Amino acid sequence: MPTSFNQSVIDEFRANEGKVGGPFEGGDLLLLTTTGARSGVSRTTPLGYVRHGDSLLVVGSNLGGARHPGWYHNLLARPVVQVEVGTRSFEALAVPAEGDRREELFAHVVRAEPGYGDYQAGTSRILPVVVLERAEPDGWQGPGEVRTLAGKLLEVHTWLRGQLRQVRAEADAHFAARAAHQGPGAPPAPGLGLRIRQRCLAFCQALEFHHSSEDGHLFPGIARHHPHLTDVFARLDDEHRTIARIQGELAALLAGIVIADPQRFHAELEEMSSRLNAHLDYEEEALLPLLADVPWPPDVPKG
């Protein structure tokens with residue numbers, strides 16, 4: 001089967017430290033890997049990008065076509081993406097810009113790459129501007145070098161707690177902006193709406209993956225060696241079901257942030273946060289002593 005154009009660009013990019021020829025020669029190019037919204041399959045797409053401070057901007061131009069590109073739909077469903085720039089590869093949170101911020105960033109893109117202005121002029125579709133920013137929560141500092149499974153569990157929990165704190169901080173910023181609005185007319189649309197949604201999705205999906213890994217592999221392995229902890233694992237199993245329900249409630253709560261009553265919103269978010277943190281605390285109390293001597297990464301038997 002012949003190699004597709006996209007795949008030939010990807011192969012050339014990876015073989016030449018991010019440099020490619022042809023129509024992309026001399027341009028800023030990155031590889032964006034998203035996860036299929038329905039299929040769950042990873043897809044890599046070469047895209048031009050423009051720098052904006054510490055972030056990278058990509059535009060869902062689809063060459064000025066009438067529909068958004070597939071990779072854009074994917075990142076709306078699964079916002080944590082993989083980015084390759086030059087020889088670097090890193091995880092990023094993909095956040096589409098909204099309202100005035102989208103206009104400001106698109107103008108910045110067009111100043112750097114005027115062709116995007118031509119694409120926009122050729123379609124009635126508003127071309128999405130996506131900000132690729134750090135996937136880690138603000139101020140993220142991991143627990144240092146991880147050498148045991150206990151350390152890995154603690155690292156994941158620290159990341160989850162940081163993401164939850166950031167969701168809460170961004171919700172607070174949204175309500176503060178709403179409260180500061182003065183003058184006639186409705187307050188401006190929230191600039192953080194999609195950002196909160198994407199951050200929440202990243203948190204919920206990471207938590208779901210973490211619990212699936214525990215239920216499918218970690219817990220059964222520990223339970224075989226510690227039958228006296230049957231009650232502990234029964235409680236954790238029950239809590240995982242409860243947390244899954246809270247995740248759905250959290251997503252629904254954040255989806256309605258534009259019209260939410262601040263007092264009620266904060267009360268509900270605080271209750272959800274407290275229950276999630278209590279679950280992580282109990283899991284650490286029960287499991288960290290058991291995992292303190294288990295090496296990480298695991299030893300792989302040599303064939």
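Right, let's walk through the structure included here. For every chain, the first residue of the written sequence is number 1, and numbering continues from 1 onward in sequence order. The model is predicted, so local features are restricted to residues of pLDDT at least 70 and side-chain atom pairs to those at 80 or more, both for listing and for counting; the totals for chains, interfaces and linings are taken over all residues. Excluding hydrogens and water, the side-chain values take into account all heavy atoms of the structure.

## Focus: the overall build of the protein
Phase 1 of the analysis: Helix and strand content of the protein: 8 helices and 7 strands.
Phase 2 of the analysis: Oriented by its inertia axes, the alpha-carbon framework of the protein measures out at about 70 × 65 × 35 Å.
Phase 3 of the analysis: Put simply, the protein has 303 residues, and 40% of those count as buried.
Phase 4 of the analysis: Methods summary: accessible areas were calculated by the Shrake-Rupley approach with a probe of 1.4 Å, and residue burial reflects only the protein chains presented. Accessible surface computed for the protein: about 16,800 Å², of which carbon and sulfur atoms make up 53%.
Phase 5 of the analysis: Within the protein, the 39 negative side-chain charges are centred at a point lying 3 Å from the centre of the 29 positive side-chain charges. Each helix corresponds to a stretch of at least 4 residues labelled H or I by DSSP, and each strand to a stretch of at least 2 residues labelled E; elements are numbered beginning at the N terminus. The buried label goes to any residue with under 20% of its type's maximum accessible area, the exposed label to any with over 50%, and the partly exposed label to all in between, with areas taken from a 1.4 Å probe on protein chains only. Only four residue types enter the charge count: Lys and Arg as positive, Asp and Glu as negative, with His and the chain ends excluded. Think of each charge as sitting on NZ of Lys, CZ of Arg, CG of Asp or CD of Glu.

## Considering helix α1 (residues 5-15)
Phase 1 of the analysis: By the burial criterion, the buried members of α1 are V9, I10 and F13. Projected down its long axis, α1 shows its buried positions confined to an angular sector of 100 degrees, all on one face.
Phase 2 of the analysis: Where the residues of α1 are buried, they touch β1 (29-35), β2 (42-48) and β5 (80-85).
Phase 3 of the analysis: Just downstream of α1 lies E17, where phi reads positive at about 55 degrees. The directions from the helix axis to the C-beta atoms form the arc being described. Contacts are assigned to residue pairs that have any heavy atoms within 4.5 Å of one another.

## Re unusual backbone geometry
Phase 1 of the analysis: Unlike most non-glycine residues, E17 shows phi in positive territory, near 55 degrees.
Phase 2 of the analysis: Mapped onto the elements, E17 comes out in the loop between α1 and β1.
Phase 3 of the analysis: A residue is classified by how much of its surface remains accessible, and E17, at 54% relative accessible area, is exposed.
Phase 4 of the analysis: In this structure, N62 takes a positive phi of about 50 degrees despite not being glycine.

## Considerations on the packing of aromatic side chains
Phase 1 of the analysis: Each pair of aromatic rings taken from Phe, Tyr and Trp, with Trp reduced to its six-membered ring, is defined by centres within 6.5 Å and is described as stacked if the planes are under 30 degrees apart, edge-to-face if over 60, and tilted in the remaining cases. Scanning all chains against the criterion turns up 3 aromatic pairs.
Phase 2 of the analysis: Note on Y116 and Y119: the rings are 6.1 Å apart at their centroids and 70 degrees apart in plane angle, and the pair reads as edge-to-face. Pair noted here: Y116 and Y119 are both in helix α4 (residues 115-121), with a separation of 3 residues, about one helical turn.
Phase 3 of the analysis: The buried category is assigned to Y116, whose relative accessible area is 15%.
Phase 4 of the analysis: Each ring, one from F219 and one from F233, has its centre 5.3 Å from the other, and the planes form 50 degrees; the classification is tilted. Placement of F219 in helix α6 (residues 193-225) and of F233 in helix α7 (residues 230-255) is noted, with a sequence separation of 14 residues between them.

## Regarding the nonpolar core
Phase 1 of the analysis: F203, L250, L254, F265 and L276 are the most contacted members of the largest nonpolar core, which has 22 residues in total.
Phase 2 of the analysis: With 6 residues, helix α5 (residues 149-180) is the largest single contributor of residues to this core.
Phase 3 of the analysis: Filtering out sequence-adjacent residues up to four positions away, L254 remains in contact with V167, I196, C200 and F265. Nonpolar cores were defined as sets of buried Ala, Val, Leu, Ile, Met, Phe, Trp, Tyr and Cys residues, with membership established by side-chain atoms within 4.5 Å.

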